[in-house]
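Structural characterization, general
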Amino acid sequence: MTKNKNNQAIWNSRIKKNASSLFQKVGNSIDIDKRLYKEDIQGSIAHVEMLFKQKIISFKIKNKIIYGLTKIDKEITKNKFEFNKKYEDIHMNIEKRLFQIIGEEAGYVHTARSRNDQVITDFKIWIKNSTNEITSNINKVIKSTIKLAEKNVETIMPGFTHLKNAQAISFAHYLMSYVEMFNRDKKRFSNNLNSLNENPLGVAALAGTSFNIDRNYTTKKLGFKIPTNNSIDTVSDRDFVLDFLYASSVCAMHISRIAEELIIWNSDGFNLINLSDKVVTGSSIMPQKKNPDLLEYLRGKSGSAYGNLFSMLTILKGLPLSYFKDLQDDKEIVFKSNDNLNNCLKIFDEILKNCNPNKSKMLELANSGYITATDLADYLVKNHSISFRKAYQKTAAVVNFAEKRKKKLNELTLEELRKIEPKLKDDVLKVFNLKNSINSKKSYGGTSFDNIKKMIIKYKKEK
Ligand code: ARG
């Protein structure tokens with residue numbers, strides 16, 4: 001863009017000073033991308049080492065640049081670095097400071113690279129590191145979930161479909177289902193790491209470079225697997241950002257489902273779980289209240305995770321290749337999602353440590369709603385040589401019979417049951433016992449106490 005004396009774009013003679021100063025105000029990203037300083041310095045050091053190895057810069061210049069960059073790293077870490085909005089972003093802030101420290105030779109650092117490949121290199125390394133932090137927070141949640149499950153293998157509750165009592169299960173089985181979700185989340189994040197493991201450094205602005213660089217060298221130095229294959233795609237690609245935002249959204253969604261469930265179970269209507277005072281809040285007007293605000297916070301936060309994913313998808317929609325300023329927002333979006341998810345995981349871990357089942361209520365609820373009806377149908381198939389559909393019909397008749405007499409299934413006598421199926425023997429009464437019902441579900445992945453114990457051991461070993 002050609003500029004006139006006053007540093008204004010010549011294509012616009014109507015919007016003068018205001019336009020450029022306003023852009024200066026909004027166009028800089030230093031407040032956001034200063035979080036990339038360590039990765040930026042790491043990338044620059046690898047870059048100049050490569051430039052020296054390839055005889056593009058001298059030994060002396062390489063060492064001077066590394067000295068300056070190391071000094072800058074320390075300054076920033078110790079909060080002694082003055083970030084300046086005038087220099088737009090982290091890359092320019094560091095480069096400017098490098099000039100101040102080592103003088104004109106700083107001008108060699110940007111040989112054979114552009115901010116376009118520089119920023120993606122930094123960002124990919126940052127996402128790798130932050131994925132480690134997220135994974136470690138997920139691991140903590142998994143550990144706390146397993147701990148609570150271990151204490152509750154024999155805690156009986158109703159499993160729900162449509163939020164109606166469905167079949168008896170162990171509370172630990174429910175908790176272990178969360179472990180499955182969180183393990184998938186970990187996999188989703190680590191899959192992203194595999195696909196972002198291509199080194200962008202050296203593609204420069206968009207076309208590659210005429211310098212004889214060695215991209216394999218920086219790839220190794222920076223811990224990537226291979227260099228990216230196409231320079232245009234490299235500077236335009238933000239798929240790895242979308243993958244990260246998607247993985248964060250799914251994990252936040254899992255937390256929100258569990259949070260919603262715990263909110264329902266903590267409600268006065270259900271009263272299935274107790275939350276300790278550490279994780280509830282009071283009301284300003286109703287002194288009796290203990291509200292599950294933290295769980296509501298977790299439920300709500302999935303909204304901003306999705307919002308961030310959609311922001312990035314929308315920025316990328318229809319965006320031509322290659323680099324555009326539009327892309328600069330990617331970092332703010334990812335940082336927000338990252339911080340949000342880490343917070344949610346920490347809060348959820350705290351909740352798990354401060355949440356206990358109300359065992360008697362769980363059992364009481366499990367005893368209602370004809371929850372062992374399927375067990376009776378299964379019994380009929382196994383002991384009376386009839387098909388499951390036939391057995392289903394007979395069981396429905398038993399449930400109708402009990403309902404009319406306002407009885408639970410385990411309150412029916414053998415005589416009453418024989419009115420519907422005369423061949424029934426007294427061992428049928430065992431199927432109405434909740435513990436028997438749970439322990440009969442021995443199929444792999446089912447809720448029997450033994451299965452759960454084995455699953456818990458398996459996951460504890462994996463850790
Ligand atoms: N701060 C910029 C960003 O994050 C760095 C890339 C600038 N490239 C450019 N061609 N203006 O997007």
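No experiment lies behind these values; they were computed from the predicted model shown. (Residues numbered from 1 in each chain as written. Predicted model: local features only at pLDDT ≥ 70, side-chain atom pairs only at ≥ 80, totals over all residues. Heavy atoms only, no water.)

Tallying secondary structure elements over the chain gives 18 helices and six strands in all. Taken against the 2.2 N^0.38 rule, which gives 23 Å for 463 residues, the C-alpha radius of gyration of the chain at 31 Å runs more than 25% over that of a compact globule. Dimensions of the chain, computed from C-alpha atoms along their principal axes, come out at roughly 100 × 55 × 40 Å. Relative to its full complement of 463 residues, the chain shows a buried share of 49%. Element-wise, carbon and sulfur atoms account for 52% of the exposed surface of the chain, whose accessible area totals about 24,300 Å². (Helix = DSSP H or I, 4+ residues; strand = E, 2+ residues; numbered from the N terminus. Rg over C-alpha atoms; globule rule 2.2 N^0.38 Å. Buried < 20%, exposed > 50% of the residue type's maximum accessible area, 1.4 Å probe, protein only. Areas by Shrake-Rupley, 256 points an atom, 1.4 Å probe, with all protein chains shown as cover.)

Time to look at the layout of surface pockets. Roughly 350 Å³ of volume is contained in the second largest pocket. Around the second largest pocket, the lining is made up of 13 residues, and of these Tyr370, Ala373, Thr374, Tyr392 and Val399 lie nearest the centre. The set of elements that each furnish at least two residues to the lining of the second largest pocket consists of β2 (164-170), α14 (373-384) and α15 (388-404). Among the elements that make up the lining of the second largest pocket, the one with the highest residue count is α15 (five residues). (1 Å grid on protein atoms, 1.4 Å probe; cavity = no way out; pocket = protein on both sides within 12 Å on 5 of 7 lines; lining within 4 Å. Points joined across faces, edges and corners; volume = space filled by probe spheres on them.)

What follows concerns empty space enclosed by the protein. Evaluated as defined, the whole model comprises two cavities of 30 Å³ or more. Of the pockets and cavities examined, the largest cavity occupies roughly 80 Å³. Forming the walls of the largest cavity are Ala366, Asn367, Ser368, Tyr370, Ile371, Thr372, Lys408, Leu409, Asn410, Phe432 and Leu434. Looking at the second largest cavity, it is lined by 13 residues, and the ones nearest its centre are His91, Ile94, Glu95, Arg113 and Gln118. Those elements that provide at least two residues to the lining of the second largest cavity are α3 (37-53), α5 (90-102) and α6 (115-150). If you tally residues by element for the lining of the second largest cavity, the top one is α5, at five residues. When grouped by side-chain class, the residues that make up the lining of the second largest cavity number five nonpolar, four polar and four charged. (Nonpolar A, V, L, I, M, F, W, Y, C, P; charged D, E, K, R; others polar.)

Time to look at the site of the ligand. Lining the immediate surroundings of the ligand are Ser29, Asp33, Asp89, His91, Arg115, Asn116, Val119, Tyr323, Gln328 and Lys331. A distance of 2.7 Å is found between a nitrogen atom of the ligand and a side-chain nitrogen or oxygen belonging to Asp89. With respect to the ligand, the side chain of Asn116 contributes an N or O atom lying 2.8 Å from a nitrogen atom. Contact with the protein chains removes 85% of the 350 Å² of surface that the ligand exposes when unbound. Among the elements that line the shell around the ligand, the one with the most residues is α6, at three residues. Considering only residue class, the shell around the ligand consists of two nonpolar, four polar and four charged. (Near = heavy atom within 4 Å. Polar contact = N/O pair within 3.5 Å; in protein donor to acceptor, adjacent residues only side chain to side chain.)

Along an α-helix, a turn takes 3.6 residues, which lines up residues three or four apart on a common side. Spanning 28 residues, helix α10 (residues 239-266) covers 40 Å between terminal C-alpha atoms, matching the ideal 40 Å at 1.5 Å per step. Most of α10 is tucked away, with 21 of its 28 residues classed as buried. (Expected span 1.5 Å × (residues − 1).)

The next subject is the environment of Asp243. Within the secondary structure layout, Asp243 lies in helix α10. A sequence separation of 137 residues divides Asp243 from Leu380, and the C-alpha atoms of the two residues are 50 Å apart. Residue contacts for Asp243: discarding those within four places in its chain leaves Asn192 and Ser195. (Contact = heavy atoms within 4.5 Å.)

With that settled, consider the state of the cysteines. In a disulfide, the sulfur atoms of two cysteines are held together by a covalent bond. Considering all chains together, one arrives at zero disulfides under this definition. Cys251 forms no disulfide, and the closest cysteine sulfur to it belongs to Cys344, at a distance of 8.6 Å. Unpaired in terms of disulfides, Cys355 finds its nearest cysteine sulfur in Cys344, a separation of 17 Å. (Disulfide = S-S within 2.5 Å.)

Where α10 contacts helix α11 (residues 293-316), the axes come no closer than 8 Å and their chain directions differ by 160 degrees. Comparing their axes, α11 and α10 come out roughly antiparallel. Read as a crossing pair, α10 and α11 show a hand that is left-handed. Looking at the contact of α10 with α11 residue by residue, the classes come out as 18 nonpolar, five polar and three charged. (Axes fitted to C-alpha atoms, helices over the stretch in contact; angles between N-to-C directions. Parallel < 35°, antiparallel > 145°, perpendicular 65-115°, else oblique. Left-handed = near helix turned anticlockwise from the far one by under 90°.)

Time to look at unusual backbone geometry. The general pattern is negative phi for most residues beyond glycine and trans for most peptide bonds. That bond from Leu321 to Ser322 is cis: its omega, 5 degrees, falls within 30 degrees of zero. Along the chain, Ser322 falls in the loop between α11 and α12 (330-353). One non-glycine residue with positive phi stands out, namely Ala112, at about 60 degrees. You can see Ala112 is positioned in the loop between α5 and α6.

The geometry of an aromatic ring pair comes down to the distance between the two centres and the angle between the two planes. Counting across every chain of the model gives 13 aromatic pairs. Centroid distance Phe182 to Phe348: 6.0 Å. Interplanar angle 45 degrees. Geometry classified as tilted. Of this pair, Phe182 sits in helix α7 (residues 171-195) while Phe348 sits in helix α12, and the two are 166 residues apart along the sequence. Assessed through its relative accessible area of 0%, Phe182 is described here as buried. Residue class for Phe348 comes out buried when judged on its relative accessible area of 0%. (Phe/Tyr/Trp six-rings, centres within 6.5 Å; stacked < 30°, edge-to-face > 60°.)

So, on to the pattern of salt bridges. Summed over all chains, the structure comprises 24 salt bridges. A salt bridge links Lys435 to Glu154; the nearest nitrogen and oxygen atoms lie 3.7 Å apart. Here Glu154 lies in the loop between α6 and β1 (156-161) and Lys435 lies in helix α17 (residues 434-439), a separation of 281 residues in the sequence. Taking relative accessible area as the criterion, Glu154 reaches 45% and is therefore assigned partly exposed. With a shortest N-O distance of 2.8 Å, Lys331 and Asp330 are connected by a salt bridge. Taken together, the shared-partner salt bridges connect Glu88, Asp89, Arg115 and Lys325 into one network. (Salt bridge = Lys/Arg side-chain N within 4 Å of Asp/Glu carboxyl O.)

With that settled, consider the nonpolar core. Within the largest apolar cluster, 102 residues are counted, with the highest numbers of intra-cluster contacts made by Tyr178, Phe182, Leu262, Trp265, Leu298 and Leu345. Per-element tally for this core: the top contributor is α10, with 14 residues. Ranked by size, the runner-up nonpolar core spans 18 residues in total, among them Ala373, Ala377, Ala391 and Leu424. (Core = buried A, V, L, I, M, F, W, Y, C linked by side-chain atoms within 4.5 Å.)

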